[in-house]
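Observations on the model geometry
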Amino acid sequence: MSQPDEVLDCRGQRCPLPVIALARHLPELPVGGVLRVLADDPAAAVDIPAWCRMRDQEFVGPHPDGPGYDVRRSG
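Because the structure is a prediction, the values reported are computed rather than measured.

This part covers the pattern of salt bridges. Side-chain pairs of opposite charge can arise whenever the charged atoms involved come near each other. Under the definition given, this model contains four salt bridges. A salt bridge links R11 to D9; the nearest nitrogen and oxygen atoms lie 2.7 Å apart. Taking relative accessible area as the criterion, R11 reaches 45% and is therefore assigned partly exposed. We note a salt bridge from D70 to R36, for which the minimum N-O separation is 2.7 Å. Within this pair, whereas D70 is found in strand β4 (residues 68-72), its partner R36 is found in strand β2 (residues 34-38), the two being separated by 34 residues in sequence. Per residue, the accessibility class of D70 equals that of R36, and both read buried.

As a further point, take the pairing of β2. Across the five residues of β2, five count as buried, placing the element largely inside the fold. Bridging between strand β1 (residues 6-9) and β2 involves four bridges; their strand directions are parallel. Looking at β2, one finds that E6 is bridged to L35. One crossover worth recording links β1 to the parallel β2 by way of helix α1 (residues 17-25), and it is right-handed.

Between the first and last C-alpha of helix α2 (residues 44-55) there are 16 Å, a value that for 12 residues agrees with the 16 Å anticipated at 1.5 Å per step. Regarding α2, the residues found buried are A44, I48, P49, W51 and C52. The buried residues of α2 occupy an angular sector of 155 degrees when the element is viewed end-on, so they sit on one face. Exposed and facing more than 90 degrees away from the buried side of α2 are V46, R53 and M54.

Calculation criteria
- Throughout this description, residue numbers start from 1 for each chain and increase along the sequence as written.
- It should be noted that, the model being predicted, local features are given only for residues of pLDDT at least 70 and side-chain atom pairs only at 80 or more, the latter also being counted only at that level, while totals for whole chains, interfaces and linings use all residues.
- With hydrogens and water stripped out, all remaining heavy atoms of the structure feed into the side-chain values.
- Just to be clear on terms, a salt bridge is a Lys or Arg side-chain nitrogen sitting within 4 Å of an Asp or Glu carboxyl oxygen.
- Summary of the burial criterion: residues with accessible area below 20% of their type's maximum are buried, those above 50% are exposed, and those between are partly exposed, where the area comes from a 1.4 Å probe applied to protein chains only.
- To qualify as a helix, a DSSP run of H or I must reach at least 4 residues; to qualify as a strand, a run of E must reach at least 2; elements of each kind are numbered from the N terminus.
- When DSSP finds at least two bridges between two strands, those strands are taken to pair.
- Crossover handedness is defined by viewing with both strands directed away from the observer: a clockwise path from the first strand over the helix to the second marks the crossover as right-handed.
- An expected span of 1.5 Å times one less than the residue number is assigned to each helix.
- In this description, one arc is meant: the one made by directions from the helix axis to the C-beta atoms.

See the structure below:
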């Protein structure tokens, strides 16, 4: 898995806070950029992909080395 363009550390935050942070930071990246959201709340595994589907953003997938989720900005 490639390196993200930016990492957002939301560990210790309960959902929906990591999703809110994702929504605020993703527009700062260029289209095609990847944001890794570090989130250890189990709800993030459901909430982040769901947010991506609702907002037409690409959920790249969970990061294999820890509680992180990669999202590519689609537009």
